[in-house]
Amino acid sequence: MSGALKTAQKHDYPSKAHRKSYARRTGAERTFATAKDPATSNIARGWIRLMGLTPVTLWLTCLLAVRNQRILTARDARQHDDARRAAAGLPPKTRRRRRKTLASLAATAAPP
């Protein structure tokens, strides 16, 4: 029975507390995904020649600090662009929706 208590969920499934707790996972997954992204920073095997917990921890700390600076710079650029657009009387720029609804796909598809 102690094994079940150890692996049991902290909050009931459909509750607000569960959704709030689970939402943290998205941020953690995004952090690790951007840290492992070879386009920006690559932590594949052999990315540093130092061994041991301390040097690797220090390098990972620097990598995450640089990642955070990159994210903050991009956010500041977006904020500046939104302020510029607001001063010009334009709405803030939004991302384009890539996914199509079934209705829009059916309307654009020509019958054979």
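Refer to the structure presented above.
Quick look at the structure, then. (Residues numbered from 1 in each chain as written. Predicted model: local features only at pLDDT ≥ 70, side-chain atom pairs only at ≥ 80, totals over all residues. Heavy atoms only, no water.)

**Some words on the pattern of salt bridges**
Here comes step 1: Scanning the model with the defined rule gives 2 salt bridges in all.
Here comes step 2: A salt bridge links aspartate 76 to arginine 75, with the shortest nitrogen-to-oxygen separation between them at 3.7 Å.
Here comes step 3: Among the ionic pairs, aspartate 81 bridges to arginine 84, the shortest N-O distance being 2.5 Å. One end of the pair is aspartate 81 and the other is arginine 84, both in helix α3 (residues 53-87) and 3 residues apart, which spans about a single turn. (Salt bridge = Lys/Arg side-chain N within 4 Å of Asp/Glu carboxyl O. Helix = DSSP H or I, 4+ residues; strand = E, 2+ residues; numbered from the N terminus.)

**Topic: the packing of helix α2 (residues 16-36) against α3**
Here comes step 1: Between α2 and α3, whose axes approach to 10 Å, the crossing angle comes to 105°. As judged from the angle between their axes, α2 and α3 are roughly perpendicular. Residues Arg30, Thr31, Thr34 and Ala35 of α2 touch α3, and the partners they reach there are Leu63, Leu64 and Arg67.
Here comes step 2: For the contact of α2 with α3, a count of residues per class yields 3 nonpolar, 2 polar and 2 charged. (Axes fitted to C-alpha atoms, helices over the stretch in contact; angles between N-to-C directions. Parallel < 35°, antiparallel > 145°, perpendicular 65-115°, else oblique. Contact = heavy atoms within 4.5 Å. Nonpolar A, V, L, I, M, F, W, Y, C, P; charged D, E, K, R; others polar.)

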